[in-house]
Amino acid sequence: MDIQQAKVFGYLIESDIQVNISYNSLINIKSLISEKKPNRLILRKTMMRLFIYLLKNANNAVIENEEILTNVWDKHGLSSSSQRLWQVMKDLKNKLIVIGISEDFIKRVEKGNTMGFRINPHSVTPIYYFDAQNL
């Protein structure tokens, strides 16, 4: 099977957190073993779109605010603003901390005129699947 035919199912963050795109959910895999109730989190659609956009572009480069606003809000018929980005990002980071992702996983970057965010690409692994109908 050719990896070019694969689709992204989700992501593995560090070795503990699985992100399932289809269900807008994150689950702490360690909690499945160590706790009676798994540590699971469901994100709202726009918040999940933001998170997936950051994960998809986690190449250690700065993802600029304008790029995020365009791709997460504007292209989906939503009204974007710096305030909205700030608020959703703040809420997202708080939720990620609750599920077990380190506080500095998403870093705010301000250099000169460049303002945006960066994720360490070494802690993000895409999980692929093959669509049997297209093989």
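Residues numbered from 1 in each chain as written. Predicted model: local features only at pLDDT ≥ 70, side-chain atom pairs only at ≥ 80, totals over all residues. Heavy atoms only, no water.

Student: Just to check I follow, could you spell out the pattern of salt bridges for this structure?
Tutor: Pairs may arise between side chains of opposite charge once their charged atoms sit close together. Evaluation of the coordinates by the stated rule reveals two salt bridges. Residue D16 pairs with K30 through a salt bridge whose shortest N-O separation is 3.8 Å. You can see D16 sitting in the loop between β1 (6–13) and β2 (17–20) and its partner K30 sitting in helix α1 (residues 29–34), a full 14 residues away along the chain. In this structure D16 comes out as buried when scored by relative accessible area, which is 15%. A salt bridge links R108 to E110; the shortest N-O distance between them is 3.8 Å. (Salt bridge = Lys/Arg side-chain N within 4 Å of Asp/Glu carboxyl O. Helix = DSSP H or I, 4+ residues; strand = E, 2+ residues; numbered from the N terminus. Buried < 20%, exposed > 50% of the residue type's maximum accessible area, 1.4 Å probe, protein only.)

Student: How should I be thinking about helix α2 (residues 45–56) in this particular structure?
Tutor: For the α-helix, the turn length of 3.6 residues means that residues three or four positions removed from each other point alike. Taking 1.5 Å per residue as the helical rise, α2 with its twelve residues ought to reach 16 Å, and the 16 Å between its terminal C-alpha atoms agrees with that figure. Within α2, nine of the twelve residues are buried, which leaves the element mostly enclosed by the surrounding structure. For α2, the set of buried residues is M47, M48, R49, L50, F51, I52, Y53, L54 and L55. (Expected span 1.5 Å × (residues − 1).)

Student: Sorry if this is basic, but what is going on with the nonpolar core here?
Tutor: Nonpolar side chains tend to gather and get buried jointly when the protein is soluble and globular. One finds L26, F51, L55, I68 and F105 to be the most contacted residues of the largest nonpolar core, which totals 33 residues. Looking at this core, the elements with two or more residues in it are β1, β2, α2, α3 (65–73), α4 (82–99) and β7 (114–119). Here I68 is in contact with L50, Y53, L54, I63, W73, L85 and F117, once residues within four sequence places are set aside. (Core = buried A, V, L, I, M, F, W, Y, C linked by side-chain atoms within 4.5 Å. Contact = heavy atoms within 4.5 Å.)

Student: Help me understand the packing of aromatic side chains in this model?
Tutor: The relative placement of two aromatic rings is captured by the distance of their centres and the angle of their planes. This model, assessed by the stated rule, comprises one aromatic pair. The cationic tip of R108 hangs over the ring face of F117; the distance from NZ or CZ to the ring centre is 4.8 Å. (Phe/Tyr/Trp six-rings, centres within 6.5 Å; stacked < 30°, edge-to-face > 60°. Lys NZ or Arg CZ within 6 Å of the ring centre and 35° of its normal.)

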